[in-house]
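For reference, the chains in residue letters:
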Amino acid sequence: MSRLIVCSEADLPSINMREALRGMFGWEGMGSSGGASFERFGDDVMMSIPDMHIRHDHLDREAEAFGVKVDSVVVMSKHSAKSGKPALTAHPIGNYHEADFGGRPETLVPASPAEMTAAVRMIHELNSDPGVQTCFEVTHHGPYLEKPTFYIEIGSDETNWGNREAAALLAKVIAGSEPRPEYRTLVGVGGGHYAPRFTEAILGYRVNFGHMLPVYQMENRDDEDIARMVTDACRATGTDSVYVHRKSMKGPEEHRISAIVRSAGFETVSSKDFEPIQ
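This is a predicted model, so every value here is computed, not measured.

Rules of the game
- Residues numbered from 1 in each chain as written.
- Predicted model: local features only at pLDDT ≥ 70, side-chain atom pairs only at ≥ 80, totals over all residues.
- Heavy atoms only, no water.
- Helix = DSSP H or I, 4+ residues; strand = E, 2+ residues; numbered from the N terminus.
- Buried < 20%, exposed > 50% of the residue type's maximum accessible area, 1.4 Å probe, protein only.
- Contact = heavy atoms within 4.5 Å.
- Salt bridge = Lys/Arg side-chain N within 4 Å of Asp/Glu carboxyl O.
- Expected span 1.5 Å × (residues − 1).
- Pairing = 2+ DSSP bridges.
- Axes fitted to C-alpha atoms, helices over the stretch in contact; angles between N-to-C directions.
- Parallel < 35°, antiparallel > 145°, perpendicular 65-115°, else oblique.
- Left-handed = near helix turned anticlockwise from the far one by under 90°.
- Nonpolar A, V, L, I, M, F, W, Y, C, P; charged D, E, K, R; others polar.

1. Overview of the side chain of Ser-8
As for its placement among the helices and strands, Ser-8 is situated in strand E1 (residues 3-8). Relative accessible area serves as the criterion here: at 0%, Ser-8 is assigned to the buried category. For Ser-8, the contacting residues outside a window of four places in its chain are Ser-14, Ile-15, Ile-49, Asp-51, Met-52 and His-53.

Spelled out as structure tokens, the structure:
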């Protein structure tokens, strides 16, 4: 499988992850086009762009126009949070509503469930610092692409973004994580931005998560809009199975959301339906 790994030269963690990858392998320069430069190692192509990735739509098309085959995309990035807590995260991209941070309104980019979930599992395995949060984030921000994509990030503020050890760890994850496409593919619904239950589930069960729809995206939305979001998430993930984080909602709201999921034509599942990781 041909993978496009994107580095933004406007993003310090992105640069540091690129340099760590360069230090691990002998990348071959391929040339440049339109401000972007390309280098190859095996089936992977690393694309460096001068601007910020979240506003740079069609990265996949640009690479393909340069002659690169693109099956999936990994974007190396910083993660910002007011808490400033050190974090290593991965997440799918797209917008359930407005496009305030790149991409298109009400449009999700195809998810990369097996690759993204394998990345979070390996982050969890390699991280030995209990003070560093390792988890999924839910679906958010741009850019818009047509190929399956996920972001891998170092957070959460300028005191952490320059951490070269974190960059080296994520470079190892990008290079060495082993996707398990045979695991059951799920959309996650409920919970907060850092998706604690979905992260917990992948550490104990043979499941992969694609798009995730948190409670805050569903607040003050009618049944039709929630059904639209669930449908978009399932289609962009490639599954009919939805895991609802029931404990993240009050009983009546959980029943409402689960009923909307089923009425939209999708299956609701729970952890008792999953095969444990041995």
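2. Considerations on the pattern of salt bridges
Applying the stated criterion across every chain yields a total of 19 salt bridges. One salt bridge in this structure joins Arg-256 and Glu-253, with 3.0 Å as the shortest N-O distance. Here Arg-256 pairs with Glu-253, and both are found in helix H9 (residues 251-263), just three residues apart, close to one helical turn. Counted as one network, the salt bridges with shared partners bring together Glu-9, Arg-18, Glu-19, Arg-22 and Glu-39.

3. Observations regarding helix H1 (residues 12-24)
Its 13 residues give H1 an end-to-end C-alpha distance of 19 Å, which sits within 8% of 18 Å, the value for a rise of 1.5 Å per residue. Residues Pro-13, Ser-14, Asn-16, Met-17, Arg-18, Ala-20 and Leu-21 constitute the buried set of H1.

4. Overview of the sheet that holds E1
The strands that make up a sheet are held in pairs by hydrogen bonds between backbone atoms, and each pair lies either parallel or antiparallel. The eight strands lie next to each other as E2-E3-E4-E1-E5-E10-E6-E9, forming an open sheet whose pairing is mixed. The open sheet is flanked by strand E2 (28-33) and strand E9 (133-136), the only strands paired with a single partner. With direction set aside, neighbouring strand axes in the sheet form an average angle of 20°. With four bridges joining them, strand E6 (residues 87-91) and E9 adopt parallel strand pairing. Looking at E9, one finds that Leu-88 is bridged to Thr-134. Strands in contact with H1 are E1, strand E3 (36-41), strand E4 (44-49), strand E5 (72-80) and strand E10 (149-156); relative to E5, the strand with the most contacts, it is inclined by about 130°. In the packing of helix H3 (residues 113-126) onto the sheet, contacts are made with E1, E5, E6, E9 and E10, and the angle to E9 comes to roughly 165°.

5. Some thoughts on the sheet that holds strand E11 (residues 184-189)
On the basis of which strands lie adjacent, the open sheet formed by four strands has the order E12-E11-E13-E14 and parallel pairing. Of all the strands in the sheet, just strand E12 (207-213) and strand E14 (267-269) have a single pairing partner and so form its edges. Across the sheet, the mean angle separating the axes of adjacent strands is 40° when strand polarity is ignored. Across five bridges, E11 lies against E12 in parallel orientation. Across the sheet, the residue bridging to Thr-185 is Asn-208, located in E12.

6. As for unusual backbone geometry
Pro-143 follows Gly-142 through a cis peptide bond whose omega is 10°. Examined against the element boundaries, Pro-143 turns out to sit in the loop between E9 and E10. Cis rather than trans, the peptide bond between Gly-155 and Ser-156 has omega equal to 15°. Inspection of the secondary structure assignment puts Ser-156 in strand E10. Its identity as a non-glycine residue notwithstanding, His-58 has a phi of 65°, on the positive side. Residue placement: His-58 occurs in the loop between E4 and helix H2 (59-65). The phi angle at Asn-220 is positive, at roughly 60°, despite the residue not being glycine. Counting through the fold element by element, Asn-220 comes out in the loop between helix H7 (215-218) and helix H8 (223-237). With relative accessibility at 85%, the residue Asn-220 sits in the exposed group.

7. Overview of the packing of H1 against helix H5 (residues 164-176)
At their nearest, the axes of H1 and H5 sit 8 Å apart, and the two run at 60° to each other. Judged on the interaxial angle alone, H5 and H1 are oblique. For the pair H1 and H5, the crossing hand works out as right-handed. Contacts between H1 and H5 involve Asn-16, Met-17, Ala-20, Leu-21 and Met-24 on the former and, on the latter, Arg-164, Ala-167, Ala-168, Leu-170, Ala-171, Lys-172, Ile-174 and Ala-175. Considering only residue class, the contact of H1 with H5 consists of 10 nonpolar, one polar and two charged.

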